[in-house]
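# A closer look at the structure
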Number of protein chains: 2
Amino acid sequence: MPAVFRLVPDDAIEILDQTLLPHEERAVRIERVGALCEAIATLRIRGAPLLGLAGAAGMALAAARDGTDDGTLKRAADMIAGTRPTAVDLGFRVREALAFALRLPEPERVAALWQHAAQLQRDRTAEDAALSGFGAELLTERGAVLTHCNTGELATGGVGTALGVIIEAWRRGTLTRCYMTETRPLLQGARLTAWEVLRAGIPGTLLPDTAAGSLLASGAVRAVITGADRVAANGDSANKIGTYQLAALAARHGVPFYIAAPLSTIDPHCPDGSQIPIEMRDPGEVGGFGEARWSPAGVDAYNPAFDVTPAELIAAIVTERGVLWPPFEDGIARAFAERATA
Amino acid sequence: MPAVFRLVPDDAIEILDQTLLPHEERAVRIERVGALCEAIATLRIRGAPLLGLAGAAGMALAAARDGTDDGTLKRAADMIAGTRPTAVDLGFRVREALAFALRLPEPERVAALWQHAAQLQRDRTAEDAALSGFGAELLTERGAVLTHCNTGELATGGVGTALGVIIEAWRRGTLTRCYMTETRPLLQGARLTAWEVLRAGIPGTLLPDTAAGSLLASGAVRAVITGADRVAANGDSANKIGTYQLAALAARHGVPFYIAAPLSTIDPHCPDGSQIPIEMRDPGEVGGFGEARWSPAGVDAYNPAFDVTPAELIAAIVTERGVLWPPFEDGIARAFAERATA
């Protein structure tokens, strides 16, 4: 089975083309920065942490293929980061790799950038594994879990965040089934999570986003767990559109709702959810998918990328450093203080 | 513009082929019972009350084209009702028309069955109009409304139930916008309601089912209104999957949630929602649409046709005889007592 992301040092990056999933598992060998940018722009590779990894690897590719002088590396950094300007991890990891390289003499840059990318991949893997272990400790009672969107290896390059927790609980024998929403409009649940869950050998059940209330009311689910794109200092969490309503329904039925997110997702300078800007996406994503249009031409659409789940609906936030419990202000402040002194 | 449903007495039925909406408005002339059954089975015509009308008209078609003897009419009734055995209105209206015809001498049956179908269509139209008027009185404060699934002329043959209320509020100048969910898995909102709302000249905004919580939290909506497939004696209401979660989210944000349903939908012998059987539909409807498959082969799906909204989440039930308020037991019992003596 092709790897989701693989470094071939001094030579290339291999990625699994995510646009062909779940129907075809095709590895794509990327040897030039231009091809990497095309792969990022067309979503062959996606997911915030995985894009960060791709960005760091892209800087190694630029040095190996195009030249190690400052000008070449700076142009490559601008080009890679510019493919998806709203992808924070991508820009951050590209600038980090650039700054790292510029401090070194030119002859060392190629090898150092490949090592830098390889270390980042090891760190990502270790971070996901640590988070998944802490999360699995919340799921010691046997039962089924509901998740939303895609938070597995296809998104992070490691075992995943929320899906990493689910996979770890399956390994420990405490998970009986993973329920997954389709996740309209981009259908990451139907396309990607369903593929990852089957690949992991976990009994998986897909549901329309409309059926989550019915499922929670039925008592079939003992926990809901999702990732987060950004967590405010008070615990309010922005994540894929539809997360908030799952959290609200879980609360109504006494089912715990967990967020699984690395500390890098937490913004201690953002006081609460009202300060998180919500990107509005192309209305054309609603009322159709791919080539298909189901809705009449000319209909307007409401298509926010994210929604905000208030902290009061979140039972715990699982990070790679441990589990944060309400009130989240204290735990978040402590985690950042510990990290600063670590 | 072709009519949604039109009787051509002694000759044919004309329907709008709903499978081609919203992209093409094609009238189909139906001259034989076999063609009607095909149109019902393939969902060219759908919606519980509209199917009832089609069933009554189909009996007139059978008498006009195939013969007026008891055997021919009984065979036609079995054939039409058998095309969608779970469509209660269809079977009810077919049996009603059959019983009506069997009481008449053979030479009168053709004309009487056409008149019977025409009267049913007038009754449906009057019922929807009365319901819509009562419902619009709940929406006297200017604002936007959110609805789910399809409850317009395409479903009822009249102006509609929930969508009839919305159209009437628009006529009265109190509606500013109609928000509509896509309504996975069959996308009736994206395909049919969006078409009807645009056709009525109402500003319409489509949203993924995932975005309803975000929309309600934003304060943009001042009421949610849907239809119902079956209402129990205590007011618990079964409707299209996804209705319950809209009602729960509306309650969380202090937005009134209304059901619009004719008295024929209320079952005074069903004590509460726990007694309403929920049909499980083909798992293949989840993870794809039409020819498109988004999910991997072999994934299981949870695909209930309906969910149950508990009465405590329903602000009012709008019927053709007036508005029922909580506690619904009393109003429902009174409405049925009045109807029995009317």
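Nothing here was measured: the structure is a model prediction, and the numbers come from that model.

Below, the discussion takes up the state of the cysteines. Residue and element names in this part refer to chain B. Applying the stated criterion across every chain yields a total of zero disulfides over all chains. Unpaired in terms of disulfides, Cys149 finds its nearest cysteine sulfur in Cys178, a separation of 13 Å. Accessibility expressed as a relative area gives 9% for Cys149, which makes it buried.

Time to look at the relation of the copies chain B and chain A. When chain B is fitted onto chain A, the two copies agree to an RMSD of 0.1 Å after a turn of 180 degrees and an axial shift of 0.0 Å. Expressed as an axis order, the relation between the two copies is that of a two-fold axis. Of every C-alpha in chain B, the one belonging to Asp209 of chain B sits nearest the axis of rotation, 3.1 Å from it. The share of interface residues of chain B whose copies in chain A are also at the interface is 100%, consistent with both copies meeting through the same surface.

What follows is about the packing of aromatic side chains. Applying the stated criterion across every chain, the model contains three aromatic pairs over all chains. Ring geometry for Trp294 of chain A versus Phe289 of chain B: centroids 5.7 Å apart, planes at 70 degrees, classification edge-to-face. Taken as a pair, Trp294 of chain A in the loop between strand S13 (292-293) and strand S14 (300-301) and Phe289 of chain B in strand S12 (residues 288-289) lie in two separate chains rather than in one. In this structure Phe289 of chain B comes out as partly exposed when scored by relative accessible area, which is 22%. Cluster of aromatic residues (ring-pair linked, three or more members): Phe289 and Trp294 of chain A together with Phe289 and Trp294 of chain B.

This part covers the sheet that holds strand S11 (residues 266-267) of chain A. Residues and elements named next belong to chain A. Strand order across the open sheet formed by four strands is S11-S8-S9-S15, with mixed pairing between neighbours. Since the sheet does not close on itself, it has two edges, and those belong to S11 and strand S15 (306-309), each with one partner. Sheet topology places strand S8 (residues 230-232) next to strand S9 (residues 237-240); two bridges connect them, and they run antiparallel. Within the sheet, the bridge partner assigned to Val231 lies in S9 and is Ser237. With respect to the sheet, helix H10 (residues 243-252) is in contact with S9 and S15, its orientation differing from that of S15 by roughly 30 degrees.

Attention now goes to the pattern of salt bridges. Applying the stated criterion across every chain yields a total of 44 salt bridges over all chains. Here the salt bridges do not stand alone but share partners, grouping Arg6, Asp11, Glu14, Arg29, Glu31 and Arg65 of chain A into one network.

This part is about the interface of chain B and chain A. Listed by partner, the interface residues are 55 residues for chain B and 57 residues for chain A. Both faces considered, chain B and chain A share a buried interface measuring about 4200 Å² in area, 64% of it formed by carbon and sulfur atoms. For the chain B face of the interface with chain A, the top three residues by lost area are Thr210, Trp294 and Tyr302 of chain B, together amounting to 20%. Applying the counting rule to chain B against chain A returns six salt bridges. Close ionic contact of Arg177 of chain B with Asp300 of chain A constitutes a salt bridge, the shortest N to O distance being 3.6 Å. Along the contact surface separating chain B from chain A lie 30 residue pairs in polar contact (both at pLDDT 80 or more). The set of elements that each furnish at least two residues to the side of chain B that touches chain A consists of strand S5 (175-181), helix H8 (188-199), strand S6 (204-207), helix H9 (212-218), helix H10 (243-252), S12 and strand S14 (300-301) of chain B. The pairing of strand S6 (residues 204-207) of chain A with S14 of chain B spans two bridges and is classified as parallel. Each bridged residue has a counterpart across the sheet, and for Thr205 of chain A the counterpart in S14 of chain B is Asp300 of chain B.

What follows deals with the pairing of strand S16 (residues 316-319) of chain A. Residue and element names in this part refer to chain A. Side chains of S16 alternate between two faces, with Ala316 and Val318 and Ile317 and Thr319 buried alike. Across three bridges, the pairing between strand S10 (residues 257-260) and S16 is parallel. In the strand pairing of S16, Tyr258 is matched with Ala316. For S16 and strand S17 (residues 322-324), the ladder comprises three bridges, and the chain directions are antiparallel. Bridging from a neighbouring strand, Val318 pairs with Val323 of S17. Joining the antiparallel neighbours S16 and S17 is a turn of two residues.

Residues lying three or four places apart along an α-helix face the same way, a consequence of the helix completing one turn every 3.6 residues. In this model helix H5 (residues 106-136) of chain B runs 45 Å from its N-terminal to its C-terminal C-alpha over 31 residues, within 8% of the 45 Å that 1.5 Å per residue would give. Roughly 30 degrees is the biggest bend found in H5 of chain B, and it falls at Ala112 of chain B.

Another aspect to go through is the sheet that holds S14 of chain B. Across the sheet, eight strands lie side by side as S17(A)-S16(A)-S10(A)-S7(A)-S4(A)-S5(A)-S6(A)-S14(B); this open sheet has mixed pairing. Looking along the sheet, the strands with just one partner apiece sit at the ends: S17 of chain A together with S14 of chain B. Pairing geometry for strand S5 (residues 175-181) of chain A and S6 of chain A, over four bridges, is parallel. The residue bridging Cys178 of chain A from the neighbouring strand is Gly204 of chain A, located in S6 of chain A. Most of the contacts of helix H5 (residues 106-136) of chain A go to S16 of chain A, to which it runs at about 145 degrees, and overall it touches S10, S16 and S17 of chain A.

Next up on the list: helix H3 (residues 70-81) of chain B. All names here are of chain B. With 12 residues, H3 extends 16 Å between its outermost C-alpha atoms, agreeing within 8% with the 16 Å of an ideal straight helix rising 1.5 Å per residue. Along H3, the residues that are buried comprise Thr72, Leu73, Ala76, Ala77, Ile80 and Ala81. Angular distribution of buried residues about the axis of H3 spans 150 degrees; they occupy a single face of the element. Opposite its buried face, H3 presents the exposed residues Arg75 and Asp78, each directed more than 90 degrees away.

A word on the confidence of the model for chain A. Confidence along chain A averages 96 in pLDDT terms, with 100% of residues attaining 70 or more. Predicted complex, confidence summary: ipTM 0.94, pTM 0.94.

This next bit is on unusual backbone geometry. In this structure, the amide linkage connecting Leu21 of chain B to the following residue, Pro22 of chain B, adopts the cis form with an omega of 0 degrees. Note the cis peptide between Pro326 of chain B and Pro327 of chain B, where omega equals -5 degrees. With respect to the helices and strands, the residue Pro327 of chain B is situated in the loop between strand S17 (322-324) and helix H11 (328-341). For Leu43 of chain A, which is not glycine, the phi dihedral falls at a positive 65 degrees. Take Leu43 of chain A: it is sitting in the loop between helix H1 (33-41) and helix H2 (48-66).

Definitions and limits used
Positions within a chain are numbered from 1, following the residues in the order the chain's sequence is written. Written order decides the labels, with chains lettered from A and ligands numbered from 1. It should be noted that, the model being predicted, local features are given only for residues of pLDDT at least 70 and side-chain atom pairs only at 80 or more, the latter also being counted only at that level, while totals for whole chains, interfaces and linings use all residues. Hydrogen atoms and water are omitted, and side-chain values are computed over all heavy atoms in the structure. Disulfides are defined in this document as cysteine sulfur pairs within 2.5 Å. Here the term buried applies to any residue with accessible area under 20% of the maximum for its type, exposed to any over 50%, and partly exposed to those in between, with areas from a 1.4 Å probe on protein chains only. Least-squares fitting of one copy onto the other uses the C-alpha atoms of those residues that reach a pLDDT of at least 70 in both copies. Between two residues, a contact is recorded if the distance between any of their heavy atoms is within 4.5 Å. Between the rings of Phe, Tyr and Trp (Trp by its six-membered ring), a pair exists once the centres lie within 6.5 Å; its type follows the angle of the planes, with under 30 degrees stacked, over 60 edge-to-face, and the other angles tilted. Helix and strand assignments follow DSSP, with helices taken as H or I runs no shorter than four residues and strands as E runs no shorter than two, numbered in order from the N terminus. Whether two strands pair depends on DSSP finding at least two bridges between them. Lines fitted to the C-alpha atoms define the axes, with helices restricted to the stretch that makes contact. Angles between their N-to-C directions range from 0 to 180 degrees. Only one rule defines a salt bridge in this text: a Lys or Arg side-chain nitrogen within 4 Å of an Asp or Glu carboxyl oxygen. Two parts placed together each lose some accessible area; with a 1.4 Å probe, that loss summed over both constitutes the buried area. The definition of a polar contact used here is a pair of N or O atoms within 3.5 Å, where within protein one atom must be able to donate a hydrogen and the other to accept one, and adjacent residues in sequence count solely through side-chain atom pairs. Multiply 1.5 Å by the residue count of a helix minus one, and that product is the helix's expected span. Throughout, the bend at a residue refers to the angle made by two axes, fitted to the seven residues ending there and to the seven starting there. Taken from the helix axis, the directions to the C-beta atoms give the arc we talk about. Values of pLDDT, which run from 0 to 100, indicate the predictor's confidence residue by residue.

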